Amino acid sequence: MTATSMEQLTSLCKRRGFVYQSGEIYGGVQGIYDYGPLGVELKNNIKSAWWRAMVYQRDDVEGIDGSILTHRKVLHYSGHEETFIDPLVDCRKCKKRMRADYVENDECPHCGSKDLTEPRPFNMMFKTSVGPVQDQDSFAYLRPETAQHIFTNFKNVVDSTARTIPFGIAQIGKAFRNEITPRNFIFRVRELEQMELEFFVKPGTDEEWHKQWIETRLDWWEKQGVSRDRITLYDVPKNELAHYSKSTIDLMYEFPHGVEELEGIANRTDFDLGSHTKSQVDLNIQACVQPNPDTTSRLALQDLTAKSWFVPYVIEPAAGVDRAVLAVMNEAFEIEQLENGFERTVLRLPAHLAPIKVAVIPLKKNHPEIVEFTKRLVGELKALALGRVMFENTGNIGKSYRKHDEAGTPLCITVDFETLADGTVTLRNRDTMRQVRIQSQELADYVLDYVKD
Ligand code: GAP
């Protein structure tokens, strides 16, 4: 069951410390959010799951971490200076500014006035200057996508890793877009985070790889608890494609506010490497044609080698971390009606994404032996490096369970008088609310197995 409204999610996010409005004490900044104690864990866990799947579990992907400040020429030759533009309209009556495509029937969606300006182009890249002097030479952009540093470092990575096609370069990091109308909580923000892979392939094999990546990405989302049933594939029509794309399939998800893009998977062809190559740098690659020198004549060998230089095509699965947080929480959120007539809010996150893996609760908060046993157990669980393990000394078991249901903590452990007598603890499962007694020495194996993805 998914969240019925964005309000339920935003209120849970604020209440439990997932997401806060940035600069809230001064009224906030539209389209900019801070992640709180639980939010940062969830976000990190999503990013780790992506990195594990894209880099560690494959043999054909390297990672990089490029800079946010970006040389102007990079975004000039990438086409962003010219094309990363949204047409903008102003309402002369209510003074609101909006994207032209939000206007229907030439009417302001805020006040209904028809007194609107003509659409004007607006470049969404944030500009800044590097160094103490502000002039043309110090001018730089905050990157609008992480991808460009992958392209500009393509040759560096090939040279330092001796990779041959097909192979990919992955990156996770912040990107900035001066969105005209940021909205729907963390769905459309001005400071966002992306998880992008540029997978370089031989021209001619690109369409097959594109199909493969769509399937790979759908599988990954399913493992993060985002049901395939709620994702539809949108084949972006030619007139809506980004300037670099030959074909893009968007994974469209049923967010609480409507069906919108969760991830885009584009066939960027040789557009970017080609553009940077034309600028000044030779980013071609030698294909992995490996003729056997013992069986191939010298002339044929030269011919094959000469023919094997090309600019690779690239398939790009590009997902937003903030949208991933929203989708994963939306899938996990449930207000469950209990048999006793009460209801509980529960976040059924996959255990590997849960911000807190285990909460350990002493039955009596002032009982020295129970508290000491609990602390020792917390120390042992922390040593497993599972993620956050919480010592929850509220003295109210029921309240602690409710709190951790909302936080998405998959397991709670209670230490009580019986523990002191026989070493057993109560293990409570978030999803079933079932409680079993288990020997505390068996906890490590159980918990490790439970939280792995
Ligand atoms: N490098 C390709 C690229 O940036 P995109 O479709 O513009 O393509 C990729 O962005 C993903 O980044 C989107 O699918 C979305 O998840 C996320 N994204 C883009 N703009 C966003 C915004 N303003 N707020 C939150 N996420 C955004």
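Scroll up to find the structure.
Small disclaimer: the values here were computed from a predicted structure and weren't measured.

A. Structural view of the packing of helix α2 (residues 37–56) against helix α10 (residues 321–332). Axis separation between α2 and α10 bottoms out at 10 Å; the angle between their running directions is 105°. Considering the angle they form, α2 stands roughly perpendicular to α10. Facing α2, whose interface residues are Leu42, Lys43, Ile46 and Lys47, α10 presents Val321, Asp322, Ala324, Val325, Val328 and Met329. When grouped by side-chain class, the residues that make up the contact of α2 with α10 number 7 nonpolar, no polar and 3 charged.

B. Geometry of the packing of aromatic side chains. The tally for this structure, following the rule as stated, stands at 13 aromatic pairs. Where Trp50 meets Trp51, the ring centres are 6.3 Å apart and the plane angle is 45°; that geometry is what we call tilted. Taking relative accessible area as the criterion, Trp50 reaches 1% and is therefore assigned buried. Between Tyr253 and Phe255, the aromatic rings sit 4.9 Å apart at their centres with planes inclined by 85°, giving edge-to-face as the arrangement.

C. Examining the pattern of salt bridges more closely. Following the criterion strictly, the structure yields 40 salt bridges and no others. Between Glu207 and Lys246 there is a salt bridge; the shortest N-O distance is 2.9 Å. On the criterion of sequence distance, the pair formed by Glu207 in helix α7 (residues 206–223) and Lys246 in the loop between β12 (231–235) and β13 (247–255) is long-range, its members being 39 residues apart. The class for Glu207 is partly exposed, based on a relative accessible area of 48%. Across the pair Arg268 and Glu316 runs a salt bridge, and its minimum N-O distance is 2.7 Å. You can see Arg268 sitting in strand β14 (residues 258–269) and its partner Glu316 sitting in strand β17 (residues 313–320), a full 48 residues away along the chain.

D. Region of the structure containing the nonpolar core. Core analysis: the largest hydrophobic core is formed by 59 residues, its most contacted members being Leu42, Ile46, Met195, Trp221 and Met329. In terms of residue count, the dominant contributor to this core is α10 (8 residues). Those residues in contact with Ile46 that sit more than four places away from it in its chain are Met195, Trp220, Ala324, Val325, Val328 and Leu353. Grouped together as the second largest cluster of nonpolar side chains are 19 residues, Ala351, Leu381, Ile413 and Val451 included.

E. Spatial organisation of the site of the ligand. Taken together, 21 residues lie near the ligand, and Glu145, Arg177, Glu179, Glu196 and Glu261 sit nearest. At 2.8 Å from an oxygen atom of the ligand is found a side-chain nitrogen or oxygen belonging to Arg177. Arg268 places a polar side-chain atom, nitrogen or oxygen, 3.4 Å from a nitrogen atom of the ligand. Against a free-state accessible area of 550 Å², the protein chains account for coverage of 91% of the ligand. Elements with a contribution of two residues or more to the shell around the ligand: β11 (191–201), β14 and β17. Looking at the shell around the ligand, the element that brings in the most residues is β14, giving 5 residues. Of the residues assigned to the shell around the ligand, the class counts are 8 nonpolar, 3 polar and 10 charged.

Reading guide: rules and limits
- Every residue gets a number counted from 1 within its own chain, in the order that chain's sequence is written.
- The predicted nature of this model means local features are confined to residues of pLDDT at least 70 and side-chain atom pairs, given and counted, to a pLDDT of 80 or more, with totals for whole chains, interfaces and linings taken over all residues.
- Just so you know, side-chain values use all the structure's heavy atoms and leave hydrogens and water out.
- Comment: axis = line fitted to C-alpha atoms, over the contacting stretch for helices; angle = value between 0 and 180 degrees taken between N-to-C directions.
- Helix and strand definitions follow DSSP, with helices as H or I runs of at least four residues and strands as E runs of at least two, each counted in order from the N terminus.
- Roughly parallel means an angle under 35 degrees; roughly antiparallel, over 145; roughly perpendicular, 65 to 115; everything else is oblique.
- Here, residues are in contact when the closest pair of their heavy atoms is within 4.5 Å.
- Residue classes follow a fixed rule: Ala, Val, Leu, Ile, Met, Phe, Trp, Tyr, Cys and Pro count as nonpolar, while Asp, Glu, Lys and Arg count as charged, and any other residue, Gly among them, counts as polar.
- Aromatic contacts are taken between Phe, Tyr and Trp rings whose centres are within 6.5 Å, Trp giving its six-membered ring; a plane angle under 30 degrees counts as stacked, one over 60 as edge-to-face, and the others as tilted.
- Classification of residues uses two cut-offs on accessible area relative to the type maximum, computed with a 1.4 Å probe and protein chains only: under 20% is buried, over 50% is exposed, and between them is partly exposed.
- Salt bridge, as used here: a side-chain nitrogen of Lys or Arg that lies within 4 Å of a carboxyl oxygen of Asp or Glu.
- What we call a nonpolar core is a set of buried Ala, Val, Leu, Ile, Met, Phe, Trp, Tyr and Cys residues that are connected through their side-chain atoms within 4.5 Å.
- One heavy atom within 4 Å of a molecule or strand makes the whole residue count as near it.
- Any pair of nitrogen or oxygen atoms within 3.5 Å is treated as a polar contact; in protein, a donor-acceptor pairing is required on top of that, and neighbouring residues in sequence qualify only through side-chain atoms on both sides.
- For every accessible area listed, the method is Shrake-Rupley and the probe measures 1.4 Å; residues are considered covered only by the protein chains on display.

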